[in-house]
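Single-letter residue listing:
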Amino acid sequence: MSDGHHIFRGATIVAADGRADLDLEVRDGKVVARHPRTAPAPTGAREVDVRGHLLMPGMVDTHVHFMEPGDPTREDFPSGSAAAACAGVTTVVEHTHGRPVTDVESLVEKRAALAGRSHVDYGLVAHVWPDRLGDLPALWGEGVVYFKAFTCATHGVPAIKGEKLAELARTVAELEAPCLVHSEDDAITAANERALRAAGRHDGGIVPVWRSVEAERVSTSEVAGVARETGAPLIVAHVSNAALLELLARERGAGSRILAECCPQYLNLWEREVVELGAFRKFTPPARIRSAADEQRMWDAFNEGLVHHLSSDHAPSTAAQKRDGDIWDVHFGLPGIDTTMPLMLDAALRGRTTLERVAEAYALRPAQVYGLAGKGSLNPGDDADLVLIDPDGGWEVRDEDIHSLARWSPYSGRTLRGRVVATYLRGEEIARDRIVRGDRRGEWLPGAGSRERAAEVSDGRPARLAKSIRGSDGNVD
Ligand SMILES: [Zn+2]
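Now for a quick tour of the structure. (Residues numbered from 1 in each chain as written. Predicted model: local features only at pLDDT ≥ 70, side-chain atom pairs only at ≥ 80, totals over all residues. Heavy atoms only, no water.)

### Topic: the overall build of the protein chain
- Counting its secondary structure elements, the protein chain contains 15 helices and 19 strands.
- The C-alpha atoms of the protein chain give a radius of gyration of 21 Å, which matches the 23 Å a tight globule of 477 residues would have.
- Partitioning the contacts of the protein chain with sequence separation of at least 6, the portion at a separation of at least 24 is 75%.
- For the protein chain, the accessible surface area stands at approximately 17,000 Å², while carbon and sulfur atoms represent 49% of it.
- One way to put it: in the protein chain the 57 positive side-chain charges average out to a point 1 Å from where the 71 negative ones average out. (Helix = DSSP H or I, 4+ residues; strand = E, 2+ residues; numbered from the N terminus. Rg over C-alpha atoms; globule rule 2.2 N^0.38 Å. Contact = heavy atoms within 4.5 Å. Areas by Shrake-Rupley, 256 points an atom, 1.4 Å probe, with all protein chains shown as cover. Lys, Arg positive; Asp, Glu negative; His and termini not counted. Charge placed at Lys NZ, Arg CZ, Asp CG, Glu CD.)

### Some thoughts on the sheet that holds strand β1 (residues 5-9)
- If you walk across this open sheet you meet the four strands as β5-β4-β1-β6, and the pairing is mixed. The open sheet has two edge strands, β5 (30-36) and β6 (46-49), and neither has a second partner. With strand direction ignored, the average angle separating the axes of adjacent strands in the sheet is 25 degrees. (Pairing = 2+ DSSP bridges. Axes fitted to C-alpha atoms, helices over the stretch in contact; angles between N-to-C directions.)

### Description of the coordination of the zinc ion
- Summarising the metal site, the zinc ion is bound by the protein donors His 63 (NE2), His 65 (NE2) and Asp 313 (OD), whose distances to it range over 2.1 Å.
- Of note, the donors binding the zinc ion are all from one chain and are spaced H-x1-H-x247-D. Here Asp 313 lies in the loop between β15 (309-310) and α12 (319-323) and His 65 lies in the loop between β8 (59-64) and α1 (77-86), a separation of 248 residues in the sequence. Take His 65 and Asp 313: they sit in the same class, and that class is buried. (Donors = N, O, S within 2.8 Å, 3.2 Å for Na, K, Ca; no water. Buried < 20%, exposed > 50% of the residue type's maximum accessible area, 1.4 Å probe, protein only.)

### Side note on the sheet that holds strand β12 (residues 179-182)
- Spatially, β8-β9-β10-β11-β12-β13-β14-β15 is the arrangement adopted by the eight strands of the open sheet, whose pairing is parallel. Whereas interior strands pair on both sides, the edge strands pair on one side only; in this sheet they are β8 and β15.
- Pairing geometry for β12 and strand β13 (residues 234-236), over three bridges, is parallel. Bridging from a neighbouring strand, Leu 180 pairs with Ile 235 of β13.

### Some words on the pattern of salt bridges
- Within this structure, the stated rule accounts for 40 salt bridges.
- Ionic pairing is found between Asp 439 and Arg 437, a salt bridge with its closest N-O pair at 3.6 Å.
- Classification of Arg 437 as partly exposed rests on a relative accessible area of 39%.
- In this structure, Asp 439 engages Arg 441 in a salt bridge whose closest nitrogen and oxygen atoms are separated by 3.2 Å.
- Take Asp 439: its relative accessible area is 32%, and that puts it in the partly exposed class. (Salt bridge = Lys/Arg side-chain N within 4 Å of Asp/Glu carboxyl O.)

### Some words on the environment of Arg 111
- By the secondary structure assignment, Arg 111 is in helix α2 (residues 104-113).
- It is 22 Å that separates the C-alpha atoms of Arg 111 and Ile 430, two residues lying 319 residues apart in sequence.
- Those residues in contact with Arg 111, other than ones at most four positions away along the chain, are Leu 124, Trp 444 and Glu 452.

### Side note on the nonpolar core
- Ranked by internal contacts, the top residues of the largest apolar core, which has 95 residues, are Met 56, Val 92, Phe 147, Leu 168, Leu 234 and Ile 337.
- By size, the runner-up hydrophobic cluster in this structure holds 16 residues, among which are Phe 8, Ile 13, Leu 55 and Tyr 424. (Core = buried A, V, L, I, M, F, W, Y, C linked by side-chain atoms within 4.5 Å.)

### Focus on the side chain of Ser 317
- In this structure, Ser 317 sits in the loop between β15 and α12.
- Side-chain polar atoms of Ser 317 contact the side chain of Arg 74, separated by 3.5 Å.
- Apart from residues no more than four positions distant in its own chain, Ser 317 is found in contact with Arg 74, Lys 322, His 331, Ala 406 and Trp 408. (Polar contact = N/O pair within 3.5 Å; in protein donor to acceptor, adjacent residues only side chain to side chain.)

This is the structure in structure tokens:
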């Protein structure tokens, strides 16, 4: 396919807006047109036979931690992005807590370090440091995709709260820059920690008590209040339970531009697992599912659109790192990029959700909200980022098949319906049958506020700036 002009023939195209039996013509890395199956092949196009398969937009995972530069024992870009490619994810947005981007210099440094390191396209995030809010406009202009803030000190990142949180919201409202907020109340989690330590607890059961649902609710309510007052485009990261998804929906109904991100661990893992498995289920906020009814309520919330978009929050540690430490000290987080799309594919093929909803929540909407133009859909002019799926196939998740340096998965042992057959980035095959190609073609994607993209628009080339979050109904343009 090196001539750059080909036609994918015989698949069913599935995207957020529906499915259709159409052939997809791709040229120079872009979708050119969709043709009826009976139409003759366009002149000069090479045929790619994809009969019996589904063709979806490449997934867009806007919350991953590939730890580079940062902690090469946990993850790096070649491994993390290989895991993405094999799972049908063609765009990631990354930040590393251990080596955060907090100013233009650290962004430029990180961007240079990552050249040629990624199998998939990638954007970068800046961490919000409470005493460095003045750096945000320059970072936005330099091309970060969004800002990440924590309302409680976590992973070595300081908490931003009170007047600083309001100042942050006013700043991102002014910039029209999305800000993803990890919302847990700093005072409540600190008090819970003191009590648990005083009781001498070192078991997995500390996690849901320490990182309580009250801590998440109090902080999320505060963040929602600040969003309402300032008009800031805020996204609450990894909302763990349906009651909070409903709270955020009410806020949008009242005009706030606040959205909810969710992750497969909140749809698939149960609270009791951390009690049994300790650090191997230590992530925060923790899993909240206690009953089949809780689980169904989360899937209903997902299907009804209360979840705006899905991400993996891929934050791996190796099994040794999870095993060989006190539960208090082991890193939060799970490996997830290998399994997010396969889990959602399985859920759709079992009827818990639909493939269209997966394409919406894990491709279209994250691309829109973070201004990743040309990603997440397969309309003429979009990047030809594709995932080819065999709906009759299956995949048994096994630790040895995980591409992340974690080399384990919380879902190992599960047999999933459907199989990711191949993944294409800008028209080129980057993975097939869970084997990644050696050449790393991933490119850096500047954010919506970057000067590079502003220059593109003024050059007269197609405007790639997407208006990000709209108010009231929570939909995006
Ligand atoms: Zn995260």
